[in-house]
Amino acid sequence: MAIARVLLFRLASWLAYGALTPLYEWVAQLYSDGEWHTWRRQGLAAVQEAVRGTAAGRRPRVLEVGCGTGALLVELAQLPCTVLGVDRSSPMLAAARRRSAGRVALLQGRAEALPLPAGSVDAVVLTFPTEYAYAAATWQEFARVLIPGGQVIWIDAGELRDPGWLVRTLQTLLPGAELASLMDGIIPRLNELGFTAEWRVVELPRSRVHVLRARSAGST
């Protein structure tokens, strides 16, 4: 059963980032009972905190990996930052391009091989990523593109306090226990790669969401 849920999750992800891109946000809102925008905006708040100490006169650069349809990108663009978005899906990037209307730089690429020079961003943010977030190659790339002491901010595992029957049904189809195990196991792996990392739980009125803050080696 666990294997079947994982395979179903992979199929759903493949469809969501391709043929069903126009439905992506609608499905995310349905699955989260309307909390999806609240959850992803925790990434906005965390980025604001992460770049607050940027040296005067230098504009921080923020990279969203797996930027999807650009919902968070356009909000990041309201901060005093240079914002970049990377996604491997052409349909997702097309949607993000329409939404951002030239306010952010968009690049097609994979998290495991980011099309950016070393030490070029102050913060990396990812919200509800797929399996690439657990790959060592992804974090090696994050360490490469971040400035010394730069941060990765990862939003995941939103939980409703009182989900309705439809949400409960949808949740049974996804690999919940497997996801929790992967999330717990990522911290020691990140420490080995030179990051200082921890998960925090953000309590919200109707739900909670998990936020990982991982700081790269070195100091700003």
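These numbers come from a predicted model, not from an experiment.

Caption draft 1: Molecular detail of empty space enclosed by the protein. Applying the stated criterion to the full structure yields 1 cavity of 30 Å³ or more. Counted as a void, the largest cavity has a volume near 110 Å³. Taken together, 13 residues make up the lining of the largest cavity; nearest its centre are Y24, W36, E64, C67 and T127. When contributions to the lining of the largest cavity are tallied by element, the ones reaching two or more residues are α3 (36–50) and α4 (71–76).

Caption draft 2: Expanded view of the pattern of salt bridges. Across all of its chains, the model carries 11 salt bridges by this definition. Note that E35 is salt-bridged to R206, the shortest N-O span being 3.0 Å. Taken together, the positions of E35 in the loop between α2 (24–31) and α3 and R206 in the loop between β6 (196–203) and β7 (207–215) put the pair 171 residues apart, joining distant regions of the chain. On the accessibility criterion, E35 (8% relative accessible area) is buried. Between E75 and R41 there is a salt bridge, with the nearest N and O atoms lying 2.8 Å from each other. Placement of E75 in helix α4 and of R41 in helix α3 is noted, with a sequence separation of 34 residues between them. In this structure R41 comes out as partly exposed when scored by relative accessible area, which is 38%.

Caption draft 3: Region of interest: the nonpolar core. Ranked by internal contacts, the top residues of the largest apolar core, which has 31 residues, are V47, V62, L76, L106, V125 and I153. Elements supplying a minimum of two residues to this core: α2, α3, α4, α5 (90–100), β4 (121–127), β5 (146–160) and β7. It is α3 that provides the largest number of residues to this core, a total of 5 residues. For V47, the contacting residues outside a window of four places in its chain are V62, L76, L79, V125 and I153. With 29 residues, the next largest nonpolar core counts A111, A133, V152 and A214 among its residues.

The rules behind each value
- Residues numbered from 1 in each chain as written.
- Predicted model: local features only at pLDDT ≥ 70, side-chain atom pairs only at ≥ 80, totals over all residues.
- Heavy atoms only, no water.
- 1 Å grid on protein atoms, 1.4 Å probe; cavity = no way out; pocket = protein on both sides within 12 Å on 5 of 7 lines; lining within 4 Å.
- Points joined across faces, edges and corners; volume = space filled by probe spheres on them.
- Helix = DSSP H or I, 4+ residues; strand = E, 2+ residues; numbered from the N terminus.
- Salt bridge = Lys/Arg side-chain N within 4 Å of Asp/Glu carboxyl O.
- Buried < 20%, exposed > 50% of the residue type's maximum accessible area, 1.4 Å probe, protein only.
- Core = buried A, V, L, I, M, F, W, Y, C linked by side-chain atoms within 4.5 Å.
- Contact = heavy atoms within 4.5 Å.

All quantities given are derived from atomic positions and should not be read as evidence of function.
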